[in-house]
Amino acid sequence: MIGTGSRLAPGKLARTCVPAAALFLFAQGCLVPQSVDELNTRPHSIPRVDLTKLPVYLLQPVLTLDPQEQADLTSTPTCHCQLDVSIPEIIADDPTVDIEVRIFVDYDVNVTASQPPIDRIRLDGSFTRTETFRRLQPIVLDSSKLRGEGLHVVELVIGERQGFALTDVSPPQRAMLPDFESSTFKFVVQVLKPNTKPQSCGDPPQLAPQVKSCP
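The following paragraphs examine the structure supplied in this document.

Reading guide: rules and limits
Residues numbered from 1 in each chain as written. Predicted model: local features only at pLDDT ≥ 70, side-chain atom pairs only at ≥ 80, totals over all residues. Heavy atoms only, no water. Helix = DSSP H or I, 4+ residues; strand = E, 2+ residues; numbered from the N terminus. Contact = heavy atoms within 4.5 Å. Pairing = 2+ DSSP bridges. Axes fitted to C-alpha atoms, helices over the stretch in contact; angles between N-to-C directions. Polar contact = N/O pair within 3.5 Å; in protein donor to acceptor, adjacent residues only side chain to side chain. Salt bridge = Lys/Arg side-chain N within 4 Å of Asp/Glu carboxyl O. Buried < 20%, exposed > 50% of the residue type's maximum accessible area, 1.4 Å probe, protein only.

1. A few points about the environment of E181
Then step 1. When you line up the elements, E181 lands in the loop between β11 (150-160) and β12 (183-191).
Then step 2. Once the C-alpha coordinates of E181 and S45 are considered, the two residues, 136 residues apart in sequence, prove to be 7.8 Å apart.
Then step 3. Once residues within four sequence positions are removed from consideration, E181 is found in contact with S45, I46, G159 and M176.

See below:
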């Protein structure tokens, strides 16, 4: 009969003893110690942007968006210009965890209206892949998402999906639970005043990452 004892704390080794007479197949009277470590004792990864894969335009101080000009207003359909920002890869040391990317514009801990992310991108983990990176689709930013003309700071907060705290924990929408950490990637966008030129926002020279869209 297996003996009973006090409950072990997580991370300890469990050693189970039985009467020697019952173990005619074993020379010892005790089984080999077995680990009962909890699964959540593994260190959590800190996902982050792979800076070596960034396009050249993200190395400049400011990206520029010319949102719309007069020719775009009179076209059929109406057109506008937007930024398709490419951040090709997110490094995730643990291929099994789900990653979440939260995108903020002009985040201010003292301004409630600035705190909700304009987008949340989920990058699912897998038990069948071994790659330590996730591919991120281009981030589309137009004048509406960037909240009009002027200079704007765009931030990507990247963390394990289960590690984000409740949205009302400070700093709101981006706080992490204990033992979890996030990384942040920032860039600045200048949105020009629209409808001041007769031509289209898509006329050359068209500087990356700006593209014309006619939905």
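2. A look at the sheet that holds strand β13 (residues 210-213)
Then step 1. Here we have 3 strands laid out as an open sheet, ordered β10-β5-β13, and antiparallel in their pairing. Edge positions in the open sheet fall to β10 (139-141) and β13, since each of these has one partner strand only. Neighbour to neighbour, the strand axes of the sheet diverge by 40° on average, direction disregarded.
Then step 2. As paired elements, strand β5 (residues 80-85) and β10 share 3 bridges and run antiparallel to each other. Bridged to V85 within β10 is I139.

3. Here's the deal with the environment of Q206
Then step 1. On the secondary structure map, Q206 appears in the loop between β12 and β13.
Then step 2. Residues Q206 and D66, 140 residues apart in the sequence, show an inter-C-alpha distance of 9.7 Å.
Then step 3. Contacts of Q206, omitting those with residues within four sequence positions, involve C81, C201, V211 and K212.
Then step 4. Polar contacts involving the side chain of Q206 include one to the side chain of Q210, which spans 3.0 Å.

4. Observations regarding the pattern of salt bridges
Then step 1. As enumerated under the stated definition, the model contains 12 salt bridges in all.
Then step 2. For R48, the salt bridge is made with D93, and the minimal N-O distance between the two is 2.9 Å. Taken as a pair, R48 in strand β3 (residues 48-49) and D93 in the loop between β6 (89-91) and β7 (99-105) lie far apart in primary sequence, 45 residues in all.
Then step 3. When its relative accessible area of 31% is taken as the criterion, R48 is described as partly exposed.
Then step 4. Classification of D93 by relative accessible area gives partly exposed; the value is 45%.
Then step 5. Among the salt bridges present, the one from E155 reaches K186, with a minimum N-O distance of 3.7 Å. Linking E155 in strand β11 with K186 in strand β12, this pair joins segments that are 31 residues apart in sequence.
Then step 6. In the salt-bridge network here, residues are joined through shared partners; they are D50, K53, E89 and R135.

5. Some thoughts on the pairing of β7
Then step 1. With respect to burial, β7 is a largely interior element, 7 of its 7 residues being buried.
Then step 2. Side-chain alternation along β7 places I99, V101, I103 and V105 on one buried face and E100, R102 and F104 on a second face that is also buried.
Then step 3. Sheet topology places β7 next to strand β8 (residues 119-123); 5 bridges connect them, and they run antiparallel. When the sheet's bridge partners are listed, V101 is paired in β8 with I121.
Then step 4. Bridging between β7 and β11 involves 7 bridges; their strand directions are antiparallel. In the sheet register, R102 faces β11, and the bridge partner there is V157.

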